[in-house]
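Listed below, chain by chain, are the residues.
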Amino acid sequence: MSQTSRPLVLLVNPNSNASTTALMVDVARTTLDPVGLEVRGVTAASGPAMIVGATDLERSAGEVLDTARRGLADDEGRVVAIVVAAFGDPGREALAAAVDVPVVGIGQSSLMLAAAGGRRFGMATTTPGLVGSLEAMVRRHDVAAGFAGIRLTRTGPTALAERPELQDLELEQAARACFEEDGAEAVIIAGGPLSGAARRIAASGIGTVVEPVPAAMRRVLDLR
């Protein structure tokens, strides 16, 4: 099957940061390429470059439908699923109601995977301004019974984005605290822009680390 005829998964980045989109597409391909699916990213035209608070999350939700429609206009005949690739899943439900293909969120998918089988799970992230939104998402998906809580990095998200080695270090420390102090059996590295760090921390062997983008791709495959 040629590259241009393969079924396509559309990855919608609600952050207006094309570099983050490229990173997440690269991560997604490791799951989808072996099974013959293509992934293409499309980036929000406006809105926050990085979602760091509840206001950002609300603003980005308004971009998701337009961004997805832009992607569908180019490859509508091949699109078999759409992934909303910001951890708070902004605009996911509205988009799902507007299109005829499955729509999954990286936050939703991570929670379902982390909590599978009644497993106790936590989150490690860099964004204190999103804690309330993430806790609400846990309740919305009915997995609060196994939720061990959220651990934050000491340094804020903007500063860590410019220092990837420090970001890896502080996120790994936060994840270790989830395992060792909170009793988590799985830890989500909660954030689309944290995909590179999540991949490296998962490879470190500290425990069961859930990477949001691969979790969403697995959910896409389960729905096919």
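Residues numbered from 1 in each chain as written. Predicted model: local features only at pLDDT ≥ 70, side-chain atom pairs only at ≥ 80, totals over all residues. Heavy atoms only, no water.

J.: What is the right way to read helix H2 (residues 54-75) from this model?
T.: Side chains that are three or four residues apart share a direction in an α-helix, a result of its 3.6 residues per turn. Spanning 22 residues, H2 covers 32 Å between terminal C-alpha atoms, matching the ideal 32 Å at 1.5 Å per step. At Glu63, H2 shows its largest bend, some 30°. Within H2, burial applies to Asp56, Leu57, Ser60, Glu63, Val64, Thr67, Ala68, Gly71, Leu72 and Asp75. As for H2, its buried residues are in contact with strand E1 (8-13), strand E2 (38-43), strand E3 (79-84), helix H3 (92-98) and helix H5 (131-140). (Helix = DSSP H or I, 4+ residues; strand = E, 2+ residues; numbered from the N terminus. Expected span 1.5 Å × (residues − 1). Bend = angle between axes of the 7 residues up to and from the residue. Buried < 20%, exposed > 50% of the residue type's maximum accessible area, 1.4 Å probe, protein only. Contact = heavy atoms within 4.5 Å.)

J.: Honestly, the sheet that holds strand E5 (residues 121-125) in this entry has me stumped. Any pointers?
T.: Whether parallel or antiparallel, the strands of a sheet pair through hydrogen bonds between backbone atoms. If you walk across this open sheet you meet the four strands as E6-E5-E7-E8, and the pairing is parallel. Of all the strands in the sheet, just strand E6 (147-152) and strand E8 (208-210) have a single pairing partner and so form its edges. Taken pair by pair, the neighbouring strands of this sheet meet at an average axis angle of 25°, ignoring direction. Pairing of E5 with strand E7 (residues 186-189) involves four bridges; the strand directions are parallel. Within the sheet, the bridge partner assigned to Gly122 lies in E7 and is Val187. In the packing of helix H4 (residues 106-114) onto the sheet, contacts are made with E5, E7 and E8, and the angle to E7 comes to roughly 170°. Its contacts with the sheet put H5 on E5 and E6, and the angle it makes with E6 is roughly 160°. (Pairing = 2+ DSSP bridges. Axes fitted to C-alpha atoms, helices over the stretch in contact; angles between N-to-C directions.)

J.: Would you explain unusual backbone geometry in this entry?
T.: As a rule of thumb, non-glycine residues mostly have phi less than zero, and peptide bonds are mostly trans rather than cis. Within the chain, Asp89 stands out as a residue other than glycine whose phi angle is a positive 55°. Inspection of the secondary structure assignment puts Asp89 in the loop between E3 and H3. Classification of Asp89 by relative accessible area gives buried; the value is 8%. Unusually for a residue other than glycine, Asp142 sits at a positive phi of about 60°.

J.: Please explain the sheet that holds E3 as it appears in this structure.
T.: A sheet is described by the order of its strands in space; here four strands give the open sequence E2-E1-E3-E4, paired in parallel fashion. Single-partner strands in this sheet number two, and they are E2 and strand E4 (103-105). Shown here is a sheet whose adjacent strand axes are inclined to one another by a mean of 25°, direction ignored. Bridge count between E3 and E4: three bridges; the pairing is parallel. Across the sheet, the residue bridging to Val83 is Val104, located in E4.

J.: It is not clear to me how the nonpolar core should be interpreted in this structure. Could you clarify?
T.: As a rule of thumb, nonpolar side chains are buried together in soluble globular proteins. Of all hydrophobic cores here, the largest spans 38 residues; its most connected members are Phe121, Met123 and Ile188. Sorting the residues of this core by element identifies E1, helix H1 (18-32), E3, H4, E5, H5, E7 and helix H9 (212-223) as the ones contributing at least two each. When near neighbours in sequence (up to four residues on either side) are disregarded, Phe121 contacts Leu111, Ala114, Ala115, Val138, Val143, Gly146, Phe147, Ala148, Gly149, Ala184, Ala186 and Ile188. Core analysis: the next-biggest nonpolar cluster, separate from the first, contains 16 residues, Ala148, Ala175, Phe179 and Ile201 among them. (Core = buried A, V, L, I, M, F, W, Y, C linked by side-chain atoms within 4.5 Å.)

J.: It is not clear to me how the pairing of E2 should be interpreted in this structure. Could you clarify?
T.: Two faces, one strand: in a regular strand the side chains alternate between the faces of the sheet. Bridge analysis of E1 against E2 gives six bridges, and the strand direction is parallel. Residue pairing in the sheet places Leu8 in a bridge with Glu38 of E2. With respect to chirality, the unit in which E1 leads through H1 into the neighbouring parallel E2 is right-handed. (Right-handed = clockwise from strand over helix to strand, strands pointing away.)

J.: How should the side chain of Asp168 be read in this particular structure?
T.: Following the sequence through the fold, Asp168 ends up in helix H7 (residues 164-182). At a separation of 2.5 Å, a polar atom in the side chain of Asp168 contacts the side chain of Arg200. If sequence neighbours within four positions are ignored, Asp168 has contacts with Ala197, Arg200 and Ile201. (Polar contact = N/O pair within 3.5 Å; in protein donor to acceptor, adjacent residues only side chain to side chain.)

J.: Hey, could you run me through the packing of aromatic side chains in this one?
T.: The description of an aromatic ring pair rests on the distance of the ring centres and on the angle between the ring planes. Within this structure, the stated rule accounts for one aromatic pair. The interplanar angle of 40° and the centroid separation of 5.4 Å between the aromatic rings of Phe121 and Phe147 together place this pair among those described as tilted. Placement of Phe121 in strand E5 and of Phe147 in strand E6 is noted, with a sequence separation of 26 residues between them. The burial state of Phe121 is the same as that of Phe147; both residues are buried. (Phe/Tyr/Trp six-rings, centres within 6.5 Å; stacked < 30°, edge-to-face > 60°.)

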